[in-house]
Amino acid sequence: MKSKNDILLQHYIEAHIDNEPELLRELQRQAHITLLNPRMLSGHVQGRILKMFMLMINPRHVLEIGTYTGYSALCIAEGLSETATLDTIEINDELQPKIQSFFNRSEHGAKITLHIGDALHIIPQFSYNFDAVFIDGNKRHYIEYYELCMQKLNAGGYIFADNTLWDGHVIDTEIAANDYQTQGILAFNKHVKNDSRVQTVILPIRDGITILKKI
Ligand SMILES: C[S@@+](CC[C@H](N)C(=O)[O-])C[C@H]1O[C@@H](n2cnc3c(N)ncnc32)[C@H](O)[C@@H]1O
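Residues numbered from 1 in each chain as written. Predicted model: local features only at pLDDT ≥ 70, side-chain atom pairs only at ≥ 80, totals over all residues.

Colleague: Help me understand the site of the ligand in this model?
Modeller: Around the ligand, a shell composed of 20 residues is seen, among which Ser-42, Gly-66, Tyr-68, Ser-72 and Ala-119 lie nearest. Every element with two or more residues in the shell around the ligand is listed here: helix H4 (71-78), strand S2 (85-90) and helix H6 (119-122). Classifying every residue of the shell around the ligand by side-chain character gives 9 nonpolar, 8 polar and 3 charged. (Near = placed C-beta within 6 Å. Helix = DSSP H or I, 4+ residues; strand = E, 2+ residues; numbered from the N terminus. Nonpolar A, V, L, I, M, F, W, Y, C, P; charged D, E, K, R; others polar.)

Shown next as structure tokens:
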């Protein structure tokens, strides 16, 4: 559970970074009313960070695994140049109308293509490579996503993997023993640590974001 200081610090950060665009505020409000797990969406701080990552690396093609509401996709798209593209993959087809309606309303929506289906089947079908990937799908399959993405990632490209500290469960052996998602994250963290094809850091932001640079 978050301490009072953690919450105050979170509010302080939100008050001193770029504002959350109105469309994303609306999306977040709707998600809290209509969806089961609104906590899954990136939110104000992480959304601004994702945008900043894109501004820093200026990618041509970006891939996202796990669209959910489209919140992170819209933040990534905001940071892209007008000619850059984002392909985002979501397995839950019930989310499609809601996601697409927000993409249609966004001034950055034209950069985004939504793919409905399993990322494990869709990734191998792309005919072009990516400069950046945001992995945020099923925690049990992170290594599989990662290996597929590495085949489609340009040298010098980046993979951003979300939730790699998994609410601190990565250091709780009791939880890890009984939880497949924690086991998936633990296996992924070990896998990339031992992979000489990438340089790796973990940012202890929100739920942990691993940044991998392909050499
Ligand atoms: C944590 S949410 C994504 C949140 C979103 N990226 C954001 O930050 O706003 C994870 C999403 O991944 C989707 N998902 C899970 N497994 C998937 C797969 N194999 N392929 C595509 N999407 C998947 C889930 O349905 C869920 O909507």
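Colleague: Which parts of the structure should I look at to understand the sheet that holds S2?
Modeller: Strand pairing in a sheet relies on backbone hydrogen bonds, with the paired strands running either antiparallel or parallel. Read across the sheet, 7 strands follow the order S3-S2-S1-S4-S5-S7-S6 without closing on themselves; strand pairing throughout is mixed. This sheet does not close on itself; its edge strands, each paired only once, are strand S3 (112-116) and strand S6 (198-203). Direction aside, the axes of adjacent strands within the sheet are offset by 15° on average. Taken together, the 5 bridges between strand S5 (residues 153-162) and strand S7 (residues 209-214) define a ladder with antiparallel strand orientation. Along S7, the bridge assignment pairs Ile-159 with Leu-212. (Pairing = 2+ DSSP bridges. Axes fitted to C-alpha atoms, helices over the stretch in contact; angles between N-to-C directions.)

Colleague: Can you help me understand the pairing of S2 in this one?
Modeller: For a regular strand, the rule is simple: side chains alternate between the two faces of the sheet. Across the 6 residues that make up S2, a large majority, 5, are buried. Sheet topology places strand S1 (residues 61-65) next to S2; 5 bridges connect them, and they run parallel. Bridge pairing in S2 links Glu-64 to Thr-88. At this point the chain moves from S1, through H4, to the parallel S2, and the crossover so formed is right-handed. Where S2 meets S3, 5 bridges bridge the pair, whose relative direction is parallel. Along S3, the bridge assignment pairs Thr-88 with Leu-114. On the question of chirality, the crossover connecting S2 to the parallel S3 by way of helix H5 (residues 96-105) is right-handed. (Buried ≥ 20, exposed ≤ 12 C-beta atoms within 10 Å, placed from the backbone. Right-handed = clockwise from strand over helix to strand, strands pointing away.)

Colleague: How should H5 be read in this particular structure?
Modeller: Since the α-helix advances by 3.6 residues per turn, residues separated by three or four positions end up pointing in the same direction. Buried within H5 are the following residues: Ile-99, Phe-102 and Phe-103. Down the axis, H5 shows its buried residues gathered within 100° of arc, on one side only. Exposed positions of H5 whose direction lies more than 90 degrees from the buried face are Pro-97, Asn-104 and Arg-105. Buried residues belonging to H5 abut helix H2 (22-34), H4, S2 and S3. (Arc of directions from axis to C-beta. Contact = placed C-beta atoms within 7 Å.)

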